[in-house]
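Residues per chain are reported as follows:
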Amino acid sequence: MAAYLIADVEITNAAAFEQYIQEVPATEARYGGRYLARGGATRVLEGDWEPHRLVIVQFPDMHSLLEWYQSPDYQRLKKIRERCARTRIIALEGVAI
């Protein structure tokens, strides 16, 4: 069953974040990840959420998502992200169709 990484990213240093943006897609692809949304326009329809840069990545399953998140390649990039952005990230399991 598919799993989704959903991230709300507030970039604090755009120049430094550029390296993360350039390198992270290849690491996700190795685990079957593919972008469904990446920084597009958002519109809040209800509630008080004020999203920043939203990202949704689909993985084949939760195991693949977690393997990617814990991989040495991503851990290196995660350190970059943590220096130049404030981020909220969740992993969400999809529904069986």
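For the structure itself, look to the data block above.
The paragraphs below set out a description of the structure included in this document. (Residues numbered from 1 in each chain as written. Predicted model: local features only at pLDDT ≥ 70, side-chain atom pairs only at ≥ 80, totals over all residues. Heavy atoms only, no water.)

Considerations on the side chain of Arg-81
Okay, step 1: Mapped onto the elements, Arg-81 comes out in helix H3 (residues 72–84).
Okay, step 2: The buried charged residue Arg-81 lacks any salt bridge partner; its closest oppositely charged side chain belongs to Glu-82, at an N-O distance of 4.7 Å.
Okay, step 3: Within polar-contact distance, the side chain of Arg-81 engages the side chain of Thr-87 at 3.3 Å.
Okay, step 4: Arg-81 has contacts with Phe-17, Tyr-20, Tyr-69, Tyr-74, Thr-87 and Ile-89, leaving out every residue within four places of it along the chain. (Helix = DSSP H or I, 4+ residues; strand = E, 2+ residues; numbered from the N terminus. Buried < 20%, exposed > 50% of the residue type's maximum accessible area, 1.4 Å probe, protein only. Lys, Arg positive; Asp, Glu negative; His and termini not counted. Salt bridge = Lys/Arg side-chain N within 4 Å of Asp/Glu carboxyl O. Polar contact = N/O pair within 3.5 Å; in protein donor to acceptor, adjacent residues only side chain to side chain. Contact = heavy atoms within 4.5 Å.)

Focus on the packing of aromatic side chains
Okay, step 1: All told, the structure shown has six aromatic pairs when counted by the stated rule.
Okay, step 2: One aromatic cluster is present, built from ring pairs that chain together Phe-17, Tyr-20, Phe-59, Trp-68, Tyr-69 and Tyr-74.
Okay, step 3: Seen from the ring of Tyr-35, Arg-38 lies directly overhead, with NZ or CZ sitting 4.6 Å from the centre. (Phe/Tyr/Trp six-rings, centres within 6.5 Å; stacked < 30°, edge-to-face > 60°. Lys NZ or Arg CZ within 6 Å of the ring centre and 35° of its normal.)

What to know about the sheet that holds strand E3 (residues 53–59)
Backbone hydrogen bonds are what pair the strands of a sheet, in a parallel or an antiparallel way.
Okay, step 1: In spatial order, the strands read E2-E3-E1-E4; together these four strands make up an open sheet with antiparallel pairing. Pairing within the sheet leaves two strands with one partner each, and these edge strands are strand E2 (34–38) and strand E4 (85–93). Sheet twist, expressed as the average angle between the axes of neighbouring strands with direction ignored, equals 20 degrees.
Okay, step 2: Of the strand pairs in this sheet, E2 and E3 are connected by four bridges, and their pairing is antiparallel. Bridge assignment links Ala-37 to a residue of E3, and that residue is Ile-56.
Okay, step 3: In this fold helix H2 (residues 62–70) packs onto strand E1 (3–11), E3 and E4, with an angle of close to 40 degrees to the strand it touches most, E1.
Okay, step 4: With respect to the sheet, H3 is in contact with E1 and E4, its orientation differing from that of E4 by roughly 130 degrees. (Pairing = 2+ DSSP bridges. Axes fitted to C-alpha atoms, helices over the stretch in contact; angles between N-to-C directions.)

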